[in-house]
Amino acid sequence: MAVILPVAQRGEAVLAITAAPVAETEFGSEWLQQLTAALHATMLERNGVGIAAPQVYISKRVIIVASRSNPRYPDAPEMDAVVMVNPEILSFSDTTLWGEEGCLSVPNERGEVARAEYIRVRYQTLSGEAVETAFSGFPARIVQHEVDHLNGVLFVDRL
Ligand code: K1U
Ligand code: ZN
């Protein structure tokens, strides 16, 4: 059965600190597998397009990104959920786009945030494999929003 976790809300300390990297010894572990399954289930239950581990009170560098078409971004691509462990944004385009954001940790608030249009990202999979890839548009926005969570930053800090 899927485990749904409580979501930390704006003002709670776990959302304002830098999350710790996942250690080499944790890759391939039952613990990391269970954490990502619960993160994914919690994201789906809250109807989100992304989530970061600190939002469920786990201060570790794990995010999930799951773009889909929605009323605000009708042209957003449909993505299978991507789990990124220890994600790093390697480069940001000079071009930025303004776009509306919400946050599972900031209920009933939306705001326009400028984000890089294109980014290059390096992350590790659940088994520790290194991946380098690029994102643009809405998926790039979600990655930037989720990596901000790992660094203790909320979208409202960028308004
Ligand atoms: O990290 C989170 O709090 C999840 C957040 C991700 C996100 C949404 C929009 C832009 C960047 C990052 C959400 O999923 S908020 C709820 C939502 O589904 C949504 C909000 C605005 C536009 C599209 C979707
Ligand atoms: Zn958020």
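Whatever comes next refers back to the structure up there.
Residues numbered from 1 in each chain as written. Chains lettered and ligands numbered in written order. Predicted model: local features only at pLDDT ≥ 70, side-chain atom pairs only at ≥ 80, totals over all residues. Heavy atoms only, no water.

Visitor: Account for unusual backbone geometry, naming residues and giving values.
Guide: Positive phi values are uncommon outside glycine, yet Tyr 57 reaches one of about 70°. Its place among the elements puts Tyr 57 in the loop between strand 1 (50-52) and strand 2 (62-65). Residue class for Tyr 57 comes out partly exposed when judged on its relative accessible area of 38%. At Asn 108, a residue that is not glycine, the phi angle is positive and equals roughly 60°. Asn 108 sits in the exposed class, given a relative accessible area of 84%. (Helix = DSSP H or I, 4+ residues; strand = E, 2+ residues; numbered from the N terminus. Buried < 20%, exposed > 50% of the residue type's maximum accessible area, 1.4 Å probe, protein only.)

Visitor: How would you sum up the site of ligand 1? Please name residues and give values.
Guide: Around ligand 1 there are 17 residues in total, and Asn 47, Val 49, Gln 55, Leu 104 and Glu 146 lie nearest to it. The backbone of Val 49 places a nitrogen or oxygen atom 2.8 Å from an oxygen atom of ligand 1. Here an oxygen atom of ligand 1 sits 2.7 Å away from a polar atom, N or O, in the side chain of Glu 146. For ligand 1, the accessible surface in isolation is 510 Å², of which the surrounding protein chains cover 95%. Taking a 2 Å distance to the grid points as the criterion, the majority of the atoms of ligand 1 fall inside the largest pocket. Of the residues forming the shell around ligand 1, the biggest block, 5 residues, is contributed by helix 2 (residues 137-150). Here the shell around ligand 1 is composed, by residue class, of 5 nonpolar, 8 polar and 4 charged. (Near = heavy atom within 4 Å. Polar contact = N/O pair within 3.5 Å; in protein donor to acceptor, adjacent residues only side chain to side chain. Areas by Shrake-Rupley, 256 points an atom, 1.4 Å probe, with all protein chains shown as cover. 1 Å grid on protein atoms, 1.4 Å probe; cavity = no way out; pocket = protein on both sides within 12 Å on 5 of 7 lines; lining within 4 Å. Sits in = over half its atoms within 2 Å of the grid points. Nonpolar A, V, L, I, M, F, W, Y, C, P; charged D, E, K, R; others polar.)

Visitor: Please provide a residue-by-residue account of the coordination of the zinc ion (ligand 2), values included.
Guide: Surrounding the zinc ion (ligand 2) are the protein donor atoms Cys 103 (SG), His 145 (NE2) and His 149 (NE2), which sit 2.0 to 2.3 Å from the metal. On the primary sequence, the residues serving as donors to the zinc ion (ligand 2) are separated as C-x41-H-x3-H. Within this pair, His 145 and its partner His 149 are both found in helix 2, separated by 4 residues, close to a single helical turn. Residues His 145 and His 149 agree in their burial class; the two are buried. (Donors = N, O, S within 2.8 Å, 3.2 Å for Na, K, Ca; no water.)

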